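Here is how the chains run, residue by residue.
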Amino acid sequence: MTKIIWMTDPHFQNEGMVGDLNPRTRLKAAIDHMNTHHANADFMVLTGDLVGDDNEGDYTLLATYLAQSKIPVYPLVGNNDDRAGFRAHLSLPDGTMDDFIQYSIDTSEAKFLCLDTHRVGSHAGQFCAARQAWLTDKLSTDKLTYIFMHHPPMDLNLPPQDTIKLQEGDAFLNLIHGNVQHLFIGHVHRPTCGTIRGIPFATLGALSFQAPAPRPVWDWDSFVPAHEAPHYGVLYVENGNTTLQYTQFCAYDVGIES
């Protein structure tokens with residue numbers, strides 16, 4: 001069995017607040033909870049939007065926080081990230097693509113692909129021909145495969161978030177096939193699950209702020225974070241079977257400084 005901790009969207013800043021949220025407090029709470037209750041996990045995957053606007057300062061301090069993890073951490077790039085800053089301060093596995101933060105984690109029973117869906121200058125995602133070719137190559141074996149990515153390749157019936165999904169979603173979905181067991185997706189700051197073309201998927205609430213439910217109707221101009229507690233995912237993968245437990249690691253008011 002492989003046990004994985006899945007976290008997403010910390011929107012970490014080395015100083016200051018995200019609205020009324022202290023992202024340093026939230027990330028520390030998540031790592032402390034994981035270290036206390038899930039230090040036996042094989043690794044943690046962090047699916048993008050790691051930092052705010054100060055790339056050098058944010059990545060520098062973020063690296064010290066992630067170093068407190070008792071298990072290996074595999075970070076992904078999101079729309080708020082910067083590839084150069086990412087590479088300068090965070091550890092990446094051998095075999096990472098030269099031009100993209102895209103790599104494979106191989107275990108005895110499965111392959112876990114960590115994709116780069118970053119599009120420079122956009123909140124929406126991109127999955128260009130080079131990244132598609134890499135994915136096609138990695139899917140050329142019969143090994144059971146699980147995919148972690150930041151941008152969803154499909155609409156989720158979350159109207160504001162659906163406007164900033166992966167722009168090459170259909171091309172991506174045309175590539176994945178029978179040995180892909182599950183998609184794990186960040187970006188939307190809200191837990192959802194379902195199937196797309198017969199393949200199960202799940203999204204996850206953020207370590208930072210949560211997006212409100214789609215009703216009552218809201219848009220990006222009227223966006224106000226939901227007063228909901230953050231959580232992370234605990235994944236168990238064994239013999240092609242997957243269990244995802246959404247785990248609340250602190251109360252909503254932890255890190256809220258109004």
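Refer to the structure printed above.
Quick caveat: nothing in here was measured; it's all calculated off a predicted structure.

Caption draft 1: Expanded view of the overall build of the protein chain. The number of helices and strands found in the protein chain is 6 helices and 11 strands. A compact globule built from 258 residues should have a C-alpha radius of gyration of about 18 Å, and the protein chain, at 17 Å, falls within 12% of that. Each principal axis of the C-alpha atoms in the protein chain carries an extent, and together these give about 50 × 40 × 35 Å. In the protein chain, which comprises 258 residues, the proportion classed as buried is 55%. A separation of at least 24 residues holds for 68% of the contacts in the protein chain among residues at least 6 apart in sequence. Accessible area of the protein chain: about 10,800 Å², with a carbon and sulfur share of 48%. Distance between charge centroids for the protein chain: 4 Å, based on 16 positive and 30 negative side chains.

Caption draft 2: Quick look at helix α1 (residues 23-37). Between its first and last C-alpha atoms α1 spans 21 Å; for 15 residues at 1.5 Å apiece the expected length is 21 Å, and the two agree. Summarising the contacts, the buried residues of α1 are in contact with β1 (2-7), β2 (43-47), α2 (55-66), β10 (231-238) and β11 (241-248). The backbone nitrogen of R24 has a side-chain oxygen 3.0 Å away, supplied by the residue at the start of α1, namely N22.

Caption draft 3: Examining the pattern of salt bridges more closely. This structure, assessed with the given rule, holds 6 salt bridges. A salt bridge links D170 to R197, with the shortest nitrogen-to-oxygen separation between them at 3.7 Å. Of this pair, D170 sits in helix α6 (residues 169-175) while R197 sits in the loop between β8 (193-196) and β9 (199-203), placing them 27 residues apart in sequence. On the basis of relative accessibility, which here comes to 52%, the residue D170 falls in the exposed class. One salt bridge connects E228 with R190, and the closest N-O pair in it is separated by 3.2 Å. Of the two residues, E228 is situated in the loop between β9 and β10 and R190 in the loop between β7 (180-185) and β8; the sequence distance between them amounts to 38 residues. A residue is classified by how much of its surface remains accessible, and R190, at 15% relative accessible area, is buried.

Caption draft 4: The arrangement of the nonpolar core in detail. Formed by 45 residues in total, the largest nonpolar core has its most connected members in I5, M7, L62, F112 and F148. Ranked by residue count, the leading element in this core is α1, at 5 residues. Counting 24 residues, the second largest nonpolar core, distinct from the first, contains W134, L158, I176 and I196.

Caption draft 5: Structural detail: the sheet that holds β11. Taken in spatial order, the 5 strands of this open sheet run β3-β2-β1-β10-β11, and their pairing is mixed. On the outer flanks of this sheet lie β3 (73-76) and β11, each paired with one strand and no other. Each strand of the sheet is rotated relative to its neighbour by a mean of 20°, with strand direction disregarded. Pairing of β10 with β11, which is carried by 8 bridges, proceeds in the antiparallel orientation. If you follow Y236 over to β11, its bridge partner there is T243. The strands touched by α1 are β1, β2, β10 and β11; relative to β1, the strand with the most contacts, the crossing angle is about 165°.

Thresholds applied
Residues numbered from 1 in each chain as written. Predicted model: local features only at pLDDT ≥ 70, side-chain atom pairs only at ≥ 80, totals over all residues. Heavy atoms only, no water. Helix = DSSP H or I, 4+ residues; strand = E, 2+ residues; numbered from the N terminus. Rg over C-alpha atoms; globule rule 2.2 N^0.38 Å. Buried < 20%, exposed > 50% of the residue type's maximum accessible area, 1.4 Å probe, protein only. Contact = heavy atoms within 4.5 Å. Areas by Shrake-Rupley, 256 points an atom, 1.4 Å probe, with all protein chains shown as cover. Lys, Arg positive; Asp, Glu negative; His and termini not counted. Charge placed at Lys NZ, Arg CZ, Asp CG, Glu CD. Expected span 1.5 Å × (residues − 1). Polar contact = N/O pair within 3.5 Å; in protein donor to acceptor, adjacent residues only side chain to side chain. Salt bridge = Lys/Arg side-chain N within 4 Å of Asp/Glu carboxyl O. Core = buried A, V, L, I, M, F, W, Y, C linked by side-chain atoms within 4.5 Å. Pairing = 2+ DSSP bridges. Axes fitted to C-alpha atoms, helices over the stretch in contact; angles between N-to-C directions.

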